[in-house]
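Chain by chain, the residues run as shown.
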Amino acid sequence: MLVQEFFPRRLFEGTTVFVTGGGSGINLGIACNFAALGASVAICGRRQERLDAAAEQLRTLGARVHAEAADVRDHARLEAVMGNAAAALGPIGVLVCGAAGNFPVPAEELSANGFKTVVDIDLLGAFNATRAAFPQLKQTRGCVLFISAGMAYVPYPYQVHVGAAKAGIDMMMRNLALEWGKYGIRANSIVPGPIAGTEGMRRLGGSEFEARQAAAIPLGRYGTADEIGQAAVFLASPLAAYITGTVLGVDGGSNLPGSSAFGEAIEAMRRAEGKG
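Along each chain, residue indices are assigned from 1 in the same order as the chain's sequence is written. This being a predicted model, a pLDDT of at least 70 is required before a residue's local features are given, and a value of 80 or more before pairs of side-chain atoms are given or counted; all residues contribute to the totals for chains, interfaces and linings. As a rule here, side-chain values cover all heavy atoms of the structure and leave hydrogens and water aside.

Regarding the environment of D71
Comment: elements are numbered from the N terminus, with helices defined as DSSP H or I runs of at least four residues and strands as E runs of at least two. Assignment of secondary structure puts D71 in the loop between β3 (65-67) and α4 (75-89). For D71, a relative accessible area of 22% corresponds to the partly exposed category. A C-alpha to C-alpha distance of 24 Å links D71 and T15, two positions 56 residues apart in sequence. Polar contacts, as counted here, are pairs of nitrogen or oxygen atoms within 3.5 Å of one another; within protein the pair requires one atom able to donate a hydrogen and one able to accept it, and residues that are adjacent in sequence qualify only if both atoms are side-chain atoms. Reaching out from D71, the side chain makes a polar contact with the side chain of R73 at a distance of 2.8 Å. A simple rule labels every residue: compare its accessible area, found with a 1.4 Å probe on the protein chains alone, to the largest value its type can have, and call it buried under 20%, exposed over 50%, or partly exposed in between.

Here it is, written out as structure tokens:
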């Protein structure tokens, strides 16, 4: 793993990293990068079987792991799982709020329940996680990393629900950085670009969608989950000890040209499905 070539392999030894939505995709990539640098890793998600498979992958990297199902919309359950993780691994030093939901849909076709579902998973879920973890983060003088999206600051077609949720996350991040700095807690957001091999990209149309999108990215390619993990490791490391309240784009420049390529790709997908 590339991160081990540039960071000490015991950098996070003695640190517990808790990742919501950690059973797959970008969030599992983040968890793996922390595991490779000596962290103990706790992951939660809605499907225990997916978490169990992810836990085995993390253990191959030498990590102590706690994997327990929890829906981030359920504050009481999340609080209980975080308590169990602390009992097994030690108090949380890094919290990664990665649980998210997304589906492309025109605003005029989006139901109130569909909008609420994404806001509840992304925004309310991120608040629930930070609020539940606060006593542990205060004890460790830890940090919070939010997984945001370009939709927070660039209007994307078919993404009104996601844009509202992620913009809320980034402002919440700034508020927490302001309020919790006195406890030594830092808060930052990471904005991934399109990431190859993730479930989200598969849902958006797979290789055909990827080809359309990659052509519009200034660096000419999709990112990898490891590249997001490397950014997370940096922001949680002593090298970033004076960084808080910041949104870090790790997107290959994909948001610089705007969202027209994304919209065109979604429209082509909808036409192929007879929805256009």
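Back to the write-up after that little detour.
Quick look at the layout of surface pockets
We place a 1 Å grid over just the protein atoms. Points where a 1.4 Å probe fits but has no way out form a cavity, open points with protein on both sides within 12 Å along at least 5 of 7 lines form a pocket, and any residue with an atom within 4 Å of a point lines it. Grid points are joined across faces, edges and corners, and a volume is the space filled by probe spheres set on the points. Estimated volume of the second largest pocket: approximately 260 Å³. Along the wall of the second largest pocket there are 19 residues; nearest its centre are G93, T140, R141, G142 and C143. For this classification, the nonpolar set comprises Ala, Val, Leu, Ile, Met, Phe, Trp, Tyr, Cys and Pro, the charged set comprises Asp, Glu, Lys and Arg, and every other residue, Gly included, is treated as polar. Here the lining of the second largest pocket is composed, by residue class, of eight nonpolar, nine polar and two charged.

Details of the sheet that holds strand β5 (residues 143-147)
Each pair of strands is called paired provided DSSP finds at least two bridges between the two strands. Ordered in space as β3-β2-β1-β4-β5-β6-β7, the seven strands form an open sheet in which the pairing is parallel. Each end of this open sheet is capped by a strand with a single partner; those strands are β3 and β7 (246-250). Direction aside, the axes of adjacent strands within the sheet are offset by 20 degrees on average. Sheet analysis places strand β2 (residues 40-44) next to β3, joined by three bridges and oriented parallel. Residue pairing in the sheet places A42 in a bridge with H66 of β3. Throughout, an axis means a line fitted to C-alpha atoms (over the contacting stretch in the case of helices), and angles, computed between N-to-C directions, take values from 0 to 180 degrees.

Digging into the pattern of salt bridges
By definition, a salt bridge exists where a carboxyl oxygen of Asp or Glu is found within 4 Å of a side-chain nitrogen of Lys or Arg. Here the structure, examined in full by the defined rule, presents nine salt bridges. The residue R77 makes a salt bridge to E68 at a minimum N-O spacing of 3.2 Å. Overall, R77 belongs to the partly exposed group, its relative accessible area being 32%. Its salt-bridge partner being E109, residue R270 comes within 3.2 Å of it at the nearest N-O pair. Residue R270 is found in helix α10 (residues 260-272), and its partner E109 is found in the loop between β4 (92-97) and α5 (112-140); the two are separated by 161 residues along the sequence. Note on R270: relative accessible area 11%, which makes it buried. Among the residues examined, E109 registers a relative accessible area of 47% and is labelled partly exposed.

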